[in-house]
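If you want the building blocks of each chain, they are given just below.
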Amino acid sequence: MMLIINQVEDKHMTLDMKQTYLARWEHQASQQVLDEVIKALQEGKAIPNSFYSLPFIHKSDPKLNLKGAILANLNISKRNLNNILFSYANLREAVLIDCDFDGSELIQTNFTQANLTGCDFHACLMLGVNLSHANLSNAILTNANLIGANLAYTNLTGADLRGANLHDVDLTRTILTDADLSHTKLGRFRDWRQELGM
């Protein structure tokens, strides 16, 4: 009984956290600043100072905080997207070909139907990430932590998944042609939220 209660509490905690991050970007001023940030990322320029004027952003933060941001249909290719907090963000149908996500956090990020061909997610934290129907052909996912991820109908043709943690991952009709699954961790995991310290 206690285990069931704890799991319900964990679920609510995760939902509350997600809603908190999403609410940050609902205001028009925040959306305008986010548009400026997107333009800077697309052009490979420095993040505008307006971003650090947002009340929930601290300039001392070591990583760019885009948690919960609405970035659906974002189109960026061959850019460094290093050290960015994309957790809980909506990147549905985004086109991010050959981008480098080194050091970025992608907890429960929505990449449904995104084109992530050739992207580098080496050692990224990707707990519960939604990659259903996404294209990750030739992507690098070595040592990535994908516990609880949704990889249903995902195209992983030629992807490098060596050493990736795939515990409790949905692999329904996942395309794994020529993918390297050497030393990957497969099977069930009691509760991937434990990885978040919840």
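No experiment lies behind these values; they were computed from the predicted model shown.

Help me get a handle on the confidence of the model for the protein chain, residues and values and all.
Here the protein chain averages 88 in pLDDT, while 87% of its residues score no lower than 70. By mean pLDDT, the top-scoring element of the protein chain is strand E2 (residues 84–85) (96), and the lowest-scoring one is helix H1 (residues 2–24) (58). The low-confidence segment residues 1–13, where pLDDT is below 50, has six contacts with residues more than four positions distant or belonging to other chains.

Lay out helix H2 (residues 28–43) with the relevant residues and their values.
Spanning 16 residues, H2 covers 23 Å between terminal C-alpha atoms, matching the ideal 22 Å at 1.5 Å per step. All of the buried residues in H2 are Ser 30, Val 33, Leu 34, Val 37, Ile 38, Ala 40 and Leu 41. One side of H2 holds all its buried residues, which, seen down the axis, span an arc of 160°. Taken from the residues just after H2, Gly 44 is the one with a positive phi, measuring 70°.

Describe in detail the packing of aromatic side chains, supporting the description with residues and values.
Inspection of the entire model under this criterion finds seven aromatic pairs. On the numbers, 6.4 Å between centres and 85° between planes, the contact of Phe 101 with Phe 111 is edge-to-face. With Phe 101 in the loop between E2 and strand E3 (165–167) and Phe 111 in the loop between E2 and E3, the pair connects residues that are ten residues apart, well separated along the chain. Note on Phe 101: relative accessible area 0%, which makes it buried.

Could you give an account of the state of the cysteines, with specific residues and numbers?
Within this structure, the stated rule accounts for zero disulfides. Considering cysteine sulfurs only, Cys 99 is the nearest to Cys 119, which forms no disulfide, with 5.0 Å between them.

The rules behind these values
Residues numbered from 1 in each chain as written. Predicted model: local features only at pLDDT ≥ 70, side-chain atom pairs only at ≥ 80, totals over all residues. Heavy atoms only, no water. pLDDT = per-residue confidence, 0-100. Helix = DSSP H or I, 4+ residues; strand = E, 2+ residues; numbered from the N terminus. Contact = heavy atoms within 4.5 Å. Expected span 1.5 Å × (residues − 1). Buried < 20%, exposed > 50% of the residue type's maximum accessible area, 1.4 Å probe, protein only. Arc of directions from axis to C-beta. Phe/Tyr/Trp six-rings, centres within 6.5 Å; stacked < 30°, edge-to-face > 60°. Disulfide = S-S within 2.5 Å.

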